[in-house]
Amino acid sequence: MCGIVGFIGREQAAPILMEGLSRLEYRGYDSAGLAVYDREKGLQVVKAKGRLQVLRDLTDGGAKVPGTMGLGHTRWATHGAPNDENAHPQVSQSGRIAVVHNGIIENYGELKSFLEAKGVVFTSETDTEVVAQLLEFYYAGDLLDAVFKVLHRIEGAYALGIVCADEPDKLIAVRKDSPLILGYGEGFQMLASDVTAVIQYTREVCYLEDGEIAVLTRDGIRVFNHPYLQPVEKEKHHVDWEVSAAEKGGYEHFMAKEIMEQPKAFRDTVFPRIQDGRVVLDDLNLDGDYLRETDKIYIIACGSSYHVGMVAKYILEKLLRKPVEVSLASEFRYCDPLVTEKTLCIVISQSGETIDTLAALREAKRLGARILSIVNVVGSSIARESDDVLYTWAGPEIAVATTKAYSTQLAVIYLIALRFAELLGTISGE
């Protein structure tokens with residue numbers, strides 16, 4: 001549940017980073033930190049255990065950490081106890097490279113032993129410090145080249161934000177199996193693990209794909225693939241929901257707010273898809289011939305979305321007269337699923353970035369299944385990798401206990417069931 005924010009521009013970075021981190025507080029965290037570069041003071045790192053307010057007090061809201069380029073992070077402890085030393089950003093031995101990281105470096109123990117044999121001294125218990133130290137080990141005046149070499153050594157899931165005091169005019173972002181978005185501005189660029197952290201400053205974003213490396217400067221963003229470092233043209237997406245949608249709006253907490261937003265979310269999801277008394281799903285390319293050839297439907301999801309899937313099994317089987325199987329995404333890859341080219345897999349995820357669900361989707365595609373996803377976040381990884389997508393249009397859901405995401409996912413299931421039943425002729429017009 002860690003959060004990442006990065007900024008490079010002409011304004012002071014720390015207050016913007018602090019504001020972005022405050023938008024990510026809902027994720028849960030136990031420490032927070034900043035790394036900001038200033039031409040006079042160099043790379044400054046401030047981090048502290050506890051709530052974001054502790055960091056805010058230490059830095060006077062960011063005013064004590066001048067500079068126009070930097071990274072911010074909220075950490076949920078995995079490797080090492082929640083304390084100041086293990087908080088992010090993690091810094092290389094010389095102090096010139098700082099890294100923030102979401103995810104887990106699976107071979108960090110092996111890499112740490114390698115670096116310690118080279119005389120590197122570690123100050124934290126984190127897997128993230130291994131990345132910072134390895135970057136310095138490979139750094140020879142070209143940060144992008146060092147990142148490229150490090151990516152060949154590390155294994156696991158990661159979203160990385162990287163800064164180097166020797167190259168203060170760039171931020172580098174890398175993603176593998178952990179979400180990372182880029183925000184485009186006039187004279188500034190941003191990166192974040194969630195669009196809520198940048199929406200106050202820009203609505204133009206793109207989503208990094210697995211293995212892509214982004215270089216952010218004040219004037220623009222360049223994206224390269226890995227392992228060939230070839231330029232990639234990214235499609236920009238416009239975020240059309242208001243900043244207020246990610247704020248509590250006078251409610252005591254986000255869950256209360258989102259409970260009350262359910263009627264609107266339901267209307268936004270359902271009403272545009274009903275025309276003249278019929279369900280119309282223009283986004284789908286599935287026809288009656290395909291559905292008749294389908295041998296079964298597989299529903300894949302995690303958590304609350306899995307519970308939508310369990311309800312969906314009864315709805316779909318009753319209306320379509322097709323067998324439906326529901327699988328926890330985390331188990332799908334290991335159960336040797338009976339999936340063929342005639343299987344339709346319905347993948348459900350609020351964020352569209354659930355790692356287990358994404359991995360299951362890829363396994364289903366490898367086995368030949370057609371993928372229909374139900375997601376809330378436009379342009380998310382699951383949406384991009386699916387054959388067909390139906391968005392729930394619920395707006396941002398901040399509360400951990402789901403409300404409007406569950407309601408709208410279930411509404412979409414009913415729409416699918418009605419439309420497919422009509423195509424199959426298993427229900428009457430009435």
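If you're wondering where the values come from, they're calculated on a predicted model, not measured in any experiment.

Undergrad: Residues and numbers for the overall build of the protein chain, please.
TA: Along the backbone of the protein chain there are 13 helices and 22 strands. The C-alpha extent of the protein chain, read off along each of the three principal axes, is 75 × 50 × 40 Å. By the burial criterion, 57% of the 430 residues in the protein chain qualify as buried. For the protein chain, the share of sequence-separated contacts (at least 6 apart) that also reach a separation of at least 24 residues comes to 68%. Of the side-chain charges in the protein chain, 45 are positive and 61 negative, and the distance between the mean point of each set is 1 Å.

Undergrad: Break down the sheet that holds strand S8 (residues 171–176) for me, citing the residues and quoting the values.
TA: With respect to topology, 7 strands assemble into an open sheet ordered S5-S6-S7-S8-S12-S13-S14, the strand pairing being antiparallel. What marks the edges here is a single partner per strand, and that holds for strand S5 (90–91) and strand S14 (231–232). Contacts between helix H5 (residues 143–151) and the sheet are confined to strand S7 (156–164), S8, strand S12 (213–217) and strand S13 (220–224), with S8 contributing the most and set at about 20° to the helix.

Undergrad: Lay out the packing of helix H7 (residues 262–270) against helix H13 (residues 404–424) with the relevant residues and their values.
TA: Across the interface, H7 lies against H13 with an axial gap of 9 Å and an inter-helix angle of 30°. By the angle class used here, H7 and H13 are roughly parallel. Between H7 and H13 lies a crossing of right-handed hand. Across the interface between the two elements, Gln262, Ala265, Phe266, Thr269 and Val270 of H7 pack against Lys404, Ser407, Thr408, Ala411, Val412 and Leu415 of H13. Grouping the amino acids of the contact of H7 with H13 by side-chain chemistry returns 6 nonpolar, 4 polar and 1 charged.

Undergrad: An account of the pairing of S7 is requested, with residue identities and associated values reported.
TA: When you tally the buried positions in S7, you get 9 out of 9 residues, the bulk of the element. Residues Gly156, Tyr158, Leu160, Ile162 and Cys164 of S7 are buried on one face, and the alternating residues Ala157, Ala159, Gly161 and Val163, pointing to the opposite face, are buried as well. Taken together, S7 and the strand that follows it, S8, pair antiparallel across an intervening segment of 6 residues.

Undergrad: Give me the lowdown on the pairing of strand S1 (residues 3–8), citing residues and values where you can.
TA: Burial analysis of S1 places 6 of its 6 residues in the buried class, which makes it a mostly covered element. Neither face of S1 is exposed, since Gly3, Val5 and Phe7 on one face and Ile4, Gly6 and Ile8 on the opposite face are all buried. In the sheet, S1 pairs with strand S4 (residues 69–75) via 6 bridges, with the strands oriented antiparallel. Within the sheet, the bridge partner assigned to Ile8 lies in S4 and is Met69. Judged from the 4 bridges that link them, S1 and strand S10 (residues 189–192) form a sheet pairing that is antiparallel. Bridging from a neighbouring strand, Val5 pairs with Ala192 of S10.

Undergrad: Describe the packing of helix H1 (residues 13–23) against helix H2 (residues 52–59), naming the residues involved and giving the relevant values.
TA: Where H1 contacts H2, the two axes come as close as 11 Å, and the packing angle between them is 170°. Taken as axis vectors, H1 and H2 run roughly antiparallel relative to one another. Taken together, the residues of H2 that come into contact with H1 (itself represented by Met18, Leu21 and Ser22) are Leu52, Leu55 and Arg56. Its residues assigned to classes, the contact of H1 with H2 comprises 4 nonpolar, 1 polar and 1 charged.

Undergrad: Could you give an account of the sheet that holds S4, naming the residues involved and the relevant values?
TA: Pairing is antiparallel across the open sheet formed by 8 strands, whose spatial order is S3-S2-S4-S1-S10-S9-S11-S15. Every interior strand has two partners, whereas the edge strands, strand S3 (42–49) and strand S15 (237–238), have only one. Pairing analysis gives 8 bridges linking strand S2 (residues 31–38) to S3, with the strands arranged antiparallel. From the neighbouring strand, Ala32 faces S3, where its bridge partner is Ala48. Across the face of the sheet, H2 comes into contact with S2 and S3 while running at roughly 140° to S3.

Undergrad: Hey, could you go over helix H9 (residues 303–320) for me, with residue numbers and the actual values?
TA: Here H9 contains 18 residues, and its C-alpha end-to-end distance of 25 Å stays within 8% of the 26 Å for a straight helix at 1.5 Å per residue. The axis of H9 is deflected most strongly, by about 30°, at Ala312. Where H9 is concerned, the buried positions are Ser305, Tyr306, Val308, Gly309, Ala312, Ile315, Leu316, Leu319 and Leu320. Packed against the buried residues of H9 are strand S18 (296–301), strand S19 (324–328), strand S20 (343–349) and H13.

Undergrad: Describe the side chain of Lys404, naming the residues involved and giving the relevant values.
TA: You can see Lys404 is positioned in helix H13. Judged by its relative accessible area of 3%, Lys404 falls in the buried class. Separated by 2.9 Å, the side chain of Lys404 and the backbone oxygen of Ala394 make a polar contact. When sequence neighbours within four positions are dropped, the list of residues in contact with Lys404 reads Glu258, Glu261, Gln262, Ala265, Ala394, Gly395, Pro396 and Glu397.

Undergrad: Please set out the side chain of Glu353 residue by residue, giving values where relevant.
TA: Along the chain, the position of Glu353 falls in the loop between S20 and helix H11 (355–366). Of the polar contacts made by the side chain of Glu353, one reaches the side chain of Arg175; its length is 3.5 Å. When residues no more than four places from it in sequence are discounted, the contact partners of Glu353 are Arg175, Pro179, Ser380, Ser381 and Ile382.

Undergrad: Account for the packing of aromatic side chains, naming residues and giving values.
TA: According to the stated counting rule, one finds 4 aromatic pairs in the structure shown. Aromatic side chains Phe7 and Phe188 sit 5.8 Å apart centroid to centroid with 25° between the ring planes, which places their arrangement in the stacked category. Residue Phe7 is located in strand S1, and its partner Phe188 is located in the loop between strand S9 (181–184) and S10; the two are separated by 181 residues in the primary sequence. We classify Phe188 as buried; its relative accessible area is 12%. Ring centres 5.2 Å apart and planes at 75° place the aromatic pair Phe137 and Tyr138 in the edge-to-face group. The class for Phe137 is partly exposed, based on a relative accessible area of 37%. Classification of Tyr138 by relative accessible area gives buried; the value is 18%. Three or more aromatic residues joined by ring pairs form one cluster here, namely Phe114, Phe137 and Tyr138. Seen from the ring of Phe122, Lys112 lies directly overhead, with NZ or CZ sitting 5.1 Å from the centre.

Thresholds applied
- Residues numbered from 1 in each chain as written.
- Predicted model: local features only at pLDDT ≥ 70, side-chain atom pairs only at ≥ 80, totals over all residues.
- Heavy atoms only, no water.
- Helix = DSSP H or I, 4+ residues; strand = E, 2+ residues; numbered from the N terminus.
- Buried < 20%, exposed > 50% of the residue type's maximum accessible area, 1.4 Å probe, protein only.
- Contact = heavy atoms within 4.5 Å.
- Lys, Arg positive; Asp, Glu negative; His and termini not counted.
- Charge placed at Lys NZ, Arg CZ, Asp CG, Glu CD.
- Pairing = 2+ DSSP bridges.
- Axes fitted to C-alpha atoms, helices over the stretch in contact; angles between N-to-C directions.
- Parallel < 35°, antiparallel > 145°, perpendicular 65-115°, else oblique.
- Left-handed = near helix turned anticlockwise from the far one by under 90°.
- Nonpolar A, V, L, I, M, F, W, Y, C, P; charged D, E, K, R; others polar.
- Expected span 1.5 Å × (residues − 1).
- Bend = angle between axes of the 7 residues up to and from the residue.
- Polar contact = N/O pair within 3.5 Å; in protein donor to acceptor, adjacent residues only side chain to side chain.
- Phe/Tyr/Trp six-rings, centres within 6.5 Å; stacked < 30°, edge-to-face > 60°.
- Lys NZ or Arg CZ within 6 Å of the ring centre and 35° of its normal.

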